[in-house]
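# Structural overview
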Amino acid sequence: MALVKYNDRSLKDLTTTPAAAGGDTGALVLIKTLTASSSGTLSFVDGTDSVVLDDTYPIYKFEYINIHPATDGARFSVNFRDGGSSYDATKTTTMFATYHQEDDGESSGDRFAYQSGADLAQSTGVQRLTSSIGNADDETYSGELFLFNPSSTTFVKHFISRGSSVHDASANQDSFVAGYCNVTAAIDGVQFSMNSGNIDAGKIKLYGIKDA
Amino acid sequence: MTLPAEKLITINDRGARVATTFGSLTSGGANMVFIKKLTASSSATLSFVDGASSVVLDNTYKEYVFTFKNIHAATSGQTFTVNFRDGGTNYDATKTTTYFLTYQDEAGGGDVAVSYITSKDLAQSTSAQIISQDTNVDNDASISGYLHLFNPSSTTFVKHFIANTQSMNLSSGNPYSYQAFIAGYCNVTAAIDGVQFAMSSGNIDAGDICLYGIL
């Protein structure tokens, strides 16, 4: 077979490959990874630190990987920026969850329930993505959030989140959160935080999903 | 020609094929392959048919994903639907499905719930499957979400699908946030070679639907 010669630099500097190698065919494009280290917030702002959050992609996907709170029982949250520098977009949302304790001791009504204290009705406050997360060494939260067409200046901005956490009552909780930023201004920033204390550790990845 | 003062390596086709890292390349992106985008413009239906208009919906991929971006209805109070083609030209595959949702009134007041909706599921029906609640035609209202279709080319198994949509809808004249969860299977062993989206009545005024294959 044909032999070709490369040096270390030619391979190290590659940023794209032919379609046959799979490099250019992917529709899910990694944009940015933020790693928490006793972080008060993790923010993705369009045009800052190589973050793209505009009309380049019609849909964006965030992945939360092993989000570990510094404070036992803290809740992981999100908010959106719709102009200016504040994360205060008006939102209407829903949240429900499934829940199962490690000792199987919860009441049946807790296993699947709407979380009426966690939803929002035209509020600018942060949106909870989880209930109370434990902060033992092995307790974290992982999941994903889709944000649809954030650059639209016509439509409200829909988002859908789901993730599994270790509840501080030693339980698995599968949290379903969705809603919309009820604004026609573009969303150009997304910020994650805990309602109490820092994000001790964990990664959040931002991807763009191509539509061409 | 002067070569840079660094180690030269020689690779052949096999060497490239088994490599695990190339500079800043990421491996995840290639797992999701864009196939086709359809944009509604007062469209009665949006259809993805294998072999037509560059659509691939066969055994090339074991899983397909449709994404919905800002689907805007022309007519108020209708539902967004999907149906599947299992041979011939009709979208009438027999389906058994489930449907539940969660909702919140913009006005607050505690009108919230997560509920199974018996009127929107199907039991061995060839009808279209509803995948979003009653539409709101306000300019800023729309439906977004996604649908996974698994192994549509199988001639052995039923064809499973899972959909999740988030929308601004109307209920008693008020805007609500609705999230709908739909899943089920086409209870056929014939291959599914076409998927069609429509409103229960009236047109899809605007919006994009993209089809992806999952490697």
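Located above this text is the structure these notes cover.
Residues numbered from 1 in each chain as written. Chains lettered and ligands numbered in written order. Predicted model: local features only at pLDDT ≥ 70, side-chain atom pairs only at ≥ 80, totals over all residues. Heavy atoms only, no water.

### Focus: the sheet that holds strand β6 (residues 95-105) of chain B
Sheet strands associate in pairs through backbone hydrogen bonding, adopting either a parallel or an antiparallel arrangement. All names here are of chain B. The test is simple: Should DSSP find at least two bridges between two strands, the strands are regarded as paired. Segments assigned H or I by DSSP are reported as helices when at least four residues long, segments assigned E as strands when at least two residues long, and all are numbered from the N terminus. Only C-alpha atoms enter the line fits that serve as axes; for helices the fit covers just the stretch in contact. Angles between N-to-C directions range over 0 to 180 degrees.
Sheet architecture is open: eight strands sit in the order β2-β13-β4-β9-β10-β11-β6-β7, paired in antiparallel fashion. Every interior strand has two partners, whereas the edge strands, β2 (32-43) and β7 (112-116), have only one. Between one strand axis and the next, the sheet turns by 15 degrees as a mean value, whatever way the strands run. Pairing of strand β4 (residues 63-73) with strand β13 (residues 204-214), which is carried by nine bridges, proceeds in the antiparallel orientation.

### Re the packing of aromatic side chains
We describe a pair of aromatic rings using the distance from one ring centre to the other and the angle between the two ring planes. Rules: Stacked, tilted and edge-to-face are the three classes applied to pairs of Phe, Tyr and Trp rings, where Trp contributes its six-membered ring and a pair requires centres within 6.5 Å; stacked means planes under 30 degrees apart, edge-to-face means over 60, and tilted covers the rest. Only protein chains enter the accessibility calculation, which uses a 1.4 Å probe; a residue is then buried when its area is under 20% of its type maximum, exposed when over 50%, and partly exposed in between.
For the coordinates displayed, the defined rule picks out 30 aromatic pairs over all chains. Aromatic side chains Phe44(A) and Phe62(A) sit 5.3 Å apart centroid to centroid with 70 degrees between the ring planes, which places their arrangement in the edge-to-face category. Of this pair, Phe44(A) sits in strand β3 (residues 41-45) while Phe62(A) sits in strand β4 (residues 59-69), placing them 18 residues apart in sequence. Measuring from ring centre to ring centre gives 5.5 Å for Phe176(A) and Phe181(B), while their planes differ by 85 degrees; the resulting arrangement is edge-to-face. Of this pair, Phe176(A) sits in strand β11 (residues 171-181) while Phe181(B) sits in strand β11 (residues 174-186), which puts the two residues in different chains. Each of the two residues, Phe176(A) as well as Phe181(B), counts as buried. An aromatic cluster of at least three residues, connected via ring pairs, comprises Phe44(A), Phe62(A), Tyr64(A), Phe76(A), Tyr141(A) and Phe192(A).

### Some details on the sheet that holds strand β12 (residues 194-199) of chain B
Residues and elements named next belong to chain B. Pairing is antiparallel across the open sheet formed by four strands, whose spatial order is β3-β12-β5-β8. At either margin of the open sheet sits one strand with a lone partner, and together these are β3 (45-49) and β8 (129-132). If you compare each strand with its neighbour and ignore which way they point, the axes differ by 25 degrees on average. With five bridges joining them, β3 and β12 adopt antiparallel strand pairing. Its bridge partner lying in β12, Leu-46 is registered against Phe-197.

### What about the environment of Tyr64(B)?
All names here are of chain B. The cut-off we apply is this: Any two residues whose heavy atoms approach within 4.5 Å are treated as being in contact.
With respect to the helices, strands and loops of the structure, Tyr-64 is situated in strand β4. Classification of Tyr-64 as buried rests on a relative accessible area of 0%. Between the alpha carbons of Tyr-64 and Ser-42 there is a distance of 26 Å; along the sequence they are 22 residues apart. In this structure Tyr-64 touches Ile-35, Val-56, Leu-57, Asp-58, Leu-147, His-148, Leu-149, Pro-152, Leu-211, Tyr-212 and Gly-213, once residues within four positions along its chain are discounted.

### Observations regarding unusual backbone geometry
Residues and elements named next belong to chain A. One non-glycine residue, Asp-49, lies in the positive phi region at around 55 degrees. Checked against the element boundaries, Asp-49 lands in the loop between β3 and β4. For Asp-49, a relative accessible area of 57% puts it in the exposed group. Notably, Ser-50 is not glycine yet its phi reads approximately 70 degrees, a positive angle. With respect to the element layout, Ser-50 can be found in the loop between β3 and β4. On the basis of relative accessibility, which here comes to 60%, the residue Ser-50 falls in the exposed class.

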